[in-house]
Amino acid sequence: MAAIALEQIAKTYPNGHIAVKGVTLEVRDGEFMVLVGPSGCGKSTLLRLIAGLETPESGRIRLNDDDVTLLGPQQRDLAMVFQSYALYPHMTVRDNLAYGLRVRRTDSGAIAARISAVAEALELETLLDRRPSQLSGGQRQRVALGRAMVREPKAFLFDEPLSNLDPSLRAQARAELLRLHRRLQTTIVYVTHDQEEAMTLADRVAVMRAGSIEQVGPPLEVYSRPANTFVARFIGSPPMNLLTVPPDGLSDPRDAIIGVRPHDVRLGKGEPFRASVDLVEPRGHDAVVHLSLYDAKPSALLAVVSAPKAPLPDTEVRVGFRPDSMHFFDPASGARVNP
Amino acid sequence: MIAVRAVIVGALLFPLYWMLVASFTTEARLFEAPSLVPTAISLEHYRALFDTRDFLVPVRNSLVVAGFTTIFVIPIAALCAYALARMPFRGKRLLLALVLAVSMFPQISIVAPLYLGLRTLGLLNTYPGLVLPYLTFSMPLAIWLLTGFFRHFPRELEEAAMLDGASRFRALREIVLPLAAPGLASTAILTFLYCWNEFLFALSFTLGPERYTVPVAIALFRGRYQVPWGEVLAGAIVATIPVVILVLVFQRHIVAGLTAGATKG
C-alpha cells in the first residue's frame, strides 16, 4: 500500500533523447493510475523511473513519505509486470512465483502458503510444475501477474501487459485486472498506448505527449473536458473532429478551433450545414460516416450514427452539431477555452 | 539443393576420410597407387605412436593446458563481457576496441618478450608457462564473443529479478548465467579448440618431449631424412578424438532457444 509522488522528474538518455521533461504526478494510495500516450511519449520511461530501473536527472520520487529517488529497484518493494512477461524460462511456474520470496528470505512454509493462495486466485494450480515455454500467452500473462502478486508489494507497475494477447483474451484479462484491483486495493501504475484500455481501467488517466503530462483526471472528465487539442484527439475513438475554420453560421465569437466528437455530429434534413458522404464504415450497431463539410477547414468530418440512419456514399446530407457538445480550443496554444 | 549439400559435405569430410584411411594403411602401401576404399587394415602406425613415441604424453599435456586455460577464461570473460554489455561506464567502446586489438596482434611479435618473461619467472617448460600465454589470445576472443551474446540477452529478465529483490550480481548468477549456458558452452569449445590447435607458443615455451603438446609433438615426428606420414596421420586422428567428444558432449547445451518462453507469446 503506497502513494507515489513524482516531483519535477526529468530524464535524458545518454544518446541525448529527452524522455521525460519535468513531470509532477501524484498517485494516491490504492489508485489505478493509467499513463497513456503515443509511442515515444515517455510513459514507459516514467514507469521505469518509478520502478528504479532508471535514475532521474533531476526531481524526486517519493513512496509514501520516503524519498526513494536514489534507491535501486531491490529496495523499493514494487512489483512490475513486463510487456514481454519476462518469466524466468529455466524455472517452473512455482519457482517463478517463489523467486522474489526466496530472495527476501521468506520461510518456506510461508512461501508455499502464498503460492497456493495466488495460484488459486489466478487458476494456476495445474500449471505450477510447467515451464514458461509450455504455457500459452494468456497463461504466461497470468503467471507474470501472479509473480507480482505473491510478494504483496507496495504497488504494481504494469508495462503494456495486455498488448501481446489476442483481442478476445485481452478483453477478458482487462476485466480480471479490474476485479483484482477491486479486491486487493493496491496502488497500480499502468502504462498503455491504447486509449480504450486507459478509459476502461483507470481511476485516473494521465495523458502524456513528448515527455510531458498533458492532462490528469478521471477518464470521463478527460473525455468530456479535454484540456487541449492533443488530448481531445487522443482520447475517444474515432477521434474528435477539430475545425479550424468552421462553416458559416456556426456561432463562434471567440475565433477558436471547434471540436466535436463524431458521436455528437447529427445528420438530418433540418440541420444547418451541407456535406457530401465520402465513405461509410458499418460497425454493426453503428456506422462511421466520413463526410466532406462544405466551406470548412479541414473539410473532412467524421460522424457516428446508428446503423439504420447511415446515409449512402456519394450522396449529399445536412449536418449539425449538438450545441452543448462543442469544445473550443485556442488556435495558438491548443488549450481549452470554454469552461 | 540436396546434391549441393552432398557436394559441400563431401568436400569437407573427404580430407578427414582420407586421413583416416591412410592412418590404417601400411607405410609400404601408402605411396603405391592409393585406393579410396581400404583393402587391408593395419594398426602399425597406431602401435608405433603409442609404443615407441609415447603419444599419450602430448595428449595429456594438451588436455591439461587447453582445459585449464578454458577453465580460467570462461568465468573471467563472462564477468568482463557482462559488464561491457550492460553497465554504463566511460570509455566502454575504447575498452572493447582495445580487447579486440589485443587479439589482432600477430603471435610471433610477442613470442620473444613472452619467452624472456617466462624465463625470468622460471615458468619455461611448465604448464602455467603455457596457460598464461594462452590467456593472452583466448581471453579477448572469449570476451568479444560473450559480449555479443549478453547484448542480445533479454534485459527484462534481469530487471524482473532486480524488482524481485535480487542484487545485480545475484541476478547475473541465478538468472543470466544459467540461461547463458549455450553461449558459455560454445565459447568454451572455441577457446579449447584454439588452445588445442595452438602451435607457436607451445613450440617456443616447451623444451622437451615431456611438455610437448599434440601439435608440437606431431610436427617433430619428422626425422632428418624422412617424414613418417602414417604416424603423422594416425597422430592427427588421435588428436581429433577429444575434440569430437567435447563437441558431442556440449552439443546438447548449444541448443538455441533455451530462452524460449521467457518473453513474448
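Residues numbered from 1 in each chain as written. Chains lettered and ligands numbered in written order. Predicted model: local features only at pLDDT ≥ 70, side-chain atom pairs only at ≥ 80, totals over all residues.

Some remarks on the overall build of chain A
Rules: Put simply, DSSP H or I for four residues or longer makes a helix, DSSP E for two residues or longer makes a strand, and each gets a number counted from the N terminus. Any residue pair is listed as a contact if its two C-beta atoms, each placed from the backbone, are within 7 Å.
The number of helices and strands found in chain A is 8 helices and 18 strands. In terms of its C-alpha atoms, chain A occupies a principal-axis envelope of roughly 75 × 45 × 35 Å. Within chain A, residue pairs in contact and separated by at least 24 positions form 63% of the contacts whose partners lie at least 6 positions apart.

Topic: helix α8 (residues 155-163) of chain B
Cut-off, in case you're wondering: For the exposure call, what matters is how many other C-beta atoms sit within 10 Å of a residue's own: 20 or more marks it buried, 12 or fewer exposed, and in between partly exposed, using C-beta atoms placed from the backbone.
Across the 9 residues that make up α8(B), a large majority, 8, are buried. Among all positions of α8(B), only E156(B), L157(B), E158(B), E159(B), A160(B), A161(B), M162(B) and L163(B) are buried. Buried positions along α8(B) lie against α1 (43-51) and β6 (78-81) of chain A together with α9 (168-179) of chain B. Immediately downstream of α8(B), the backbone of G165(B) shows phi near 110°, a positive value.

Remarks on the domain arrangement of chain B
Residues and elements named next belong to chain B. Put simply, the test is: Note: domain ranges come from an automatic or database domain assignment. Residue classes follow a fixed rule: Ala, Val, Leu, Ile, Met, Phe, Trp, Tyr, Cys and Pro count as nonpolar, while Asp, Glu, Lys and Arg count as charged, and any other residue, Gly among them, counts as polar.
Assigned domains of chain B: these are domain 1 (1-42) and domain 2 (55-254). Where the side of domain 1 that touches domain 2 is concerned, the elements lending two or more residues are α1 (2-23) and α2 (27-30). The dominant element in the side of domain 1 that touches domain 2, judged by the number of residues it contributes, is α1, at 4 residues. Residues of the side of domain 1 that touches domain 2, tallied by class, amount to 4 nonpolar, 2 polar and 1 charged.

Some remarks on the packing of helix α5 (residues 92-104) of chain B against helix α7 (residues 128-151) of chain B
Residue and element names in this part refer to chain B. The line we're drawing: Throughout, an axis means a line fitted to C-alpha atoms (over the contacting stretch in the case of helices), and angles, computed between N-to-C directions, take values from 0 to 180 degrees. An angle below 35 degrees is treated as roughly parallel, one above 145 as roughly antiparallel, one from 65 to 115 as roughly perpendicular, and anything else as oblique. With the far helix as reference, a near helix turned anticlockwise by less than a right angle produces a left-handed crossing, and one turned clockwise produces a right-handed crossing.
Where α5 meets α7, the closest approach of the two axes is 8 Å, and the angle between their N-to-C directions is 135°. Considered as vectors, α5 and α7 are oriented oblique to each other. The crossing of α5 and α7 is left-handed. Residue-level inspection shows L96, V99, L100, V102 and S103 of α5 in contact with α7, the latter providing F137, P140, L141, I143, W144 and T147.

Quick notes on the environment of M33(A)
Residues and elements named next belong to chain A. Position of M33 among the secondary structure elements: in strand β3 (residues 32-36). M33 sits in the buried class, given 23 other C-beta atoms within 10 Å. Note: C-alpha distance between M33 and L6 (27 residues apart in sequence) is 13 Å. Residues within four places of M33 in sequence aside, it is in contact with V27, I188, V189, Y190, A202, D203, R204 and A206.

A word on the nonpolar core
Under the convention used in this document: Only buried residues count toward a nonpolar core: Ala, Val, Leu, Ile, Met, Phe, Trp, Tyr and Cys, linked into one set through C-beta atoms within 7 Å.
In this structure, M33(A), V34(A), L35(A), L157(A), V189(A) and A77(B) are the most contacted members of the largest nonpolar core, which totals 117 residues. With 8 residues, the top contributor of residues to this core is helix α4 (residues 56-86) of chain B. Excluding residues within four positions of it along the chain, L157(A) makes contact with L47(A), I50(A), A51(A), L78(A), M80(A) and V189(A). Residues W196(B), Y212(B), V216(B) and I218(B) belong to the second largest nonpolar core, which totals 24 residues.

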